[in-house]
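Overview (structure and organization)
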Amino acid sequence: MSRQSVVNLISLFSHKSSKREWKPLEDHSCTDVPWLLLFILFCIGMGFICGFSIATGAAARLLSGYDSYGNICGQKNVKVEGIVNSGLDLTHKKYVFFLDPCNIDLVHQKIKSIALCVSACPRKELKSLADIQKFAETNGSTLCSYELQPSEYTTDPRAAKLCPKYPVPESAPIPFFHRCAPVNISCYAKFAEALITFVSDSSVLHRLISGVMTSKEIIMGLCLLSLVLSMILMVIIRYISRVLVWILTILVILGSLGGTGVLWWLYAKQRMSAGALETQIAKDNLQALLIYAIAATVFTVILFLIMLIMRKRVALTIALFHVAGKVFIHLPLLVFQPFWTFFVLILFWTYWITVLLFLGTTGSPVPNEEGFVEFRMVGPLKYMWWYHVVGLIWISEFILACQQMTVAGAVVTYYFTREKRNLPFTPILASVNRLVCYHLGTVAKGSFIITLVKIPRMILMYIHTQLKGKENACARCMLKACICCLWCLEKCLTYLNQNAYTATAINSTNFCTSAKDAFVILVENALRVAAINTVGDFMLFLGKVLIVCSTGLAGIMLLNYQRDYTIWVLPLIIVCLFAFLVAHCFLSIYEMVVDVLFLCFAIDTKYNDGSPGREFYMDKVLMEFVENSKKSMKEAGRGGGAEGRELKPMDSCGAMNSREA
C-alpha cells in the first residue's frame, strides 16, 4: 500500500469520527437518565439504613446511652432474657458512668469497663469508698452496681468489683450524648500517645494544647491571611504566568546542569586521589559516583530534549493561564465554588458519621462472654455496613463531580459566548440549573466509575495494613504494585471524567459519547496536554508553596512574641496545613478552569478556521497564539518538521470542510 493511500485512509477515518458537528450551548437534553434513577434508588437505600437504625432504637441508645445490661438510660426498659439487672426503670438516671473510664482498648476502640446509668456525674474527685458512699447519699447518684445499696459500699466485700476504681476522677457530662467523661485529659494519656507518637508524657500534651488555646486568635488570623493570599494569587497569576514559566525553566536548567557538573567534579577529584586510597570502600564509592554521574548526564540530556520539543507548546499554557484570569474576573462566583462544595461535603459526612454511630448500636441484644449485653446485627442486615461505606465513596465523588460539571458549564458558557456583554447574569447559577435539569445522570455515572476503582484500592490498602510485618517480601511487593496501578488508573479516569463533563456541557451528550469525544481531542493534542499538565501543574504547585511559606513566615513572626510562655510548634503546623488546604482548594479550581479552556480551545480550532460562517470563539490572546502557530506550521512544513505534523490535526478538519464547501 502506497503512502498516499495510508494518508487517504487516515483522512477518511478522521472525517468519519468528526462527522457529528459540535454545537456549543445550542441543544440541551437529559443525559444518562437510567444512571440517575439508579443513583436515586441507591440514595433511598441509604435513607432506609438510617430509618432502620432509628426504628430499632439505635438513635436512643446512641444519644441517651446504655449500660452494660442493655438498659437505655433515662427511660423504662424491657427485660433481656438471661441477663440480670436488665429491664430496669431508669427514668431518673440519665447519664452513663464507666467504673474504669481510663481503661481503653486501643485494638477494639472501646472502653473496657462496666457501664451504669447514674443520676449525676461526680463533679469532684472521690478518693475512697467512703467518698463514693457520701456522694450517693448526698446527690442520690449511686456509682456502684445496681445490686449494691449505698449503705453496703463500705461493708460488702463485692464492692471491690462492683464499685468504680478509685480515685474516681472528676467528670462532666458530654453535651447531647449523656456520658460522664473525665475532665482531666491525662486520663487518656495512653490513647493520646497512640495518636501522637511524639508525646511521651501528659505534661507535653498539656503544653501543646495550651499553646493552641493561647494562640487561637493568631491561628484564626493566619488562616484568614492564607484565604486572602489565595484569592489574590488567583487574580494576579494571569499577569505573572510568563515570568513563572521562565523562572521555572531557568531553575530546571541550572539545577540539572549544576547537579551533573558536581557529580562529575566529585568523580574526577576522587579518581585523582584514588592512588593513595586503594581500599575497597574507596573503589565502591568511585564506582557509585560514576554511575550517578552517567545517570545524571542521561537525565539532563533527556530533559533538554523534552524542553526543546515542548518550548513552543509552553506558550499555549501561558495563554490559557492569562484567559483563566479573565474568566475569574467575569465569573467571580467561581472563587466561592470550593466553599459550597466543602459545605455540602461536611453536611453529608456529618450525616454519614451519625448513621455510622447509629449502626454501631443497632441490632438485637446478645450476651457476651462476660455476661454483659452487646448489640449485634445478624443475617443479611450485617452487610449494611458495606452498603454504607460504598455510599460514602459514591456520594462524595458525586458531590465533587457536580462541582466539576458546574465549573465546566460556566467556563463553556463564557468561552462560547462571542459577545461577553451577552453573558447570563450569573453563569454559575445557569450552569447549576443545567446540571440539575439535564446532567445529574452523567455525573452519577462518572462518579460511580471512580468508585469502582477506589473501592478495590481501599480494600488492598486495608489488607496491606492488616498484614504489615506478617507477609513475605513478594506478597508485599505485589500488593504495593496493585495499589499503585489502581491509584494511577483512578487519576487517569478522574482526568478523563473531567473532560467528559466539559464535552457534556458543550454538546449535551451522554457520558460515554462525551468521554470518547474528549479522549479523541486529547490524543490529537497529546504534546500540548503534556505541556499543560507539567508546566501548568508545577506553576500551581509553586503558588501553593508560596502561600504556605508566606503564611508560615507571618506565623513565625507573630508567634515568636509568645515563645516565652507557650509552645508554638503545633499552632504553626496547624496554620501551614490549613494554608496548604486552602491554596489547594482555590488553585485546583484554577487548574480545572485551565483544563476546560484547553478542551474548548481544541474543539474551537478543530471545527472552525476563522473564515466567514466558521469564526473562532476564542479570546484575543489565544487568537495570537493560533496565528503564531500557523506561521510556525508553515515554516516547519517546508522542512517536514515534527512541529508541523503535531499542529496539523487541529486545522485539518476545518481545511477539509472548506474544500468540500
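It should be noted that the structure appears before, not after, this text.
Quantities reported herein were computed from a predicted structural model and do not represent experimental measurements. (Residues numbered from 1 in each chain as written. Predicted model: local features only at pLDDT ≥ 70, side-chain atom pairs only at ≥ 80, totals over all residues. Heavy atoms only, no water.)

1. What about the pairing of strand β4 (residues 115–118)?
Alternating positions in β4 separate into two faces, Ala115 and Cys117 on one and Leu116 and Val118 on the other, with burial throughout. As judged from the four bridges shared by strand β1 (residues 95–98) and β4, these two strands associate in the antiparallel manner. Note that in β4 the partner of Phe97 across the bridge is Leu116. (Buried < 20%, exposed > 50% of the residue type's maximum accessible area, 1.4 Å probe, protein only. Helix = DSSP H or I, 4+ residues; strand = E, 2+ residues; numbered from the N terminus. Pairing = 2+ DSSP bridges.)

2. Notes on a nonpolar patch on the surface
Taken together, Leu224, Val228, Ile232, Val235, Ile236, Tyr239 and Ile329 make up a surface patch of nonpolar side chains, about 650 Å² in accessible area. Counting residues per element, the nonpolar patch draws most heavily on helix α8 (residues 216–272), at six residues. Residue position: Tyr239 is located in helix α8. By relative accessible area, Tyr239 is classed as exposed at 53%. (Patch = residues over 30% accessible without salt bridge, like charges linked within 9 Å, V, L, I, M, F, W, Y side chains within 5 Å. Areas by Shrake-Rupley, 256 points an atom, 1.4 Å probe, with all protein chains shown as cover. Salt bridge = Lys/Arg side-chain N within 4 Å of Asp/Glu carboxyl O.)

3. A short note on the packing of helix α14 (residues 473–507) against helix α15 (residues 511–524)
Where α14 contacts α15, the two axes come as close as 8 Å, and the packing angle between them is 110 degrees. Here α14 lies roughly perpendicular to α15, going by the angle between them. Residues Tyr495, Leu496, Asn497, Asn499, Ala500, Tyr501, Ala503 and Thr504 of α14 form the contact with α15, whose participating residues are Phe511, Ser514, Ala515, Ala518, Phe519 and Leu522. Here the residues of the contact of α14 with α15 are counted per class, giving 10 nonpolar, four polar and no charged. (Axes fitted to C-alpha atoms, helices over the stretch in contact; angles between N-to-C directions. Parallel < 35°, antiparallel > 145°, perpendicular 65-115°, else oblique. Contact = heavy atoms within 4.5 Å. Nonpolar A, V, L, I, M, F, W, Y, C, P; charged D, E, K, R; others polar.)

4. What to know about the pattern of salt bridges
Per the counting criterion, the structure on display carries five salt bridges. Of the charged contacts, one joins Glu490 and Lys454 as a salt bridge, the two residues approaching to 2.7 Å between their closest N and O atoms. Taken together, the positions of Glu490 in helix α14 and Lys454 in helix α13 (residues 427–466) put the pair 36 residues apart, joining distant regions of the chain. When the shortest N-O distance is used, the salt bridge between Lys606 and Glu524 registers 3.0 Å. With Lys606 in helix α17 (residues 569–607) and Glu524 in helix α15, this residue pair connects regions lying 82 residues apart in the sequence. By relative accessible area, Glu524 is classed as partly exposed at 23%.

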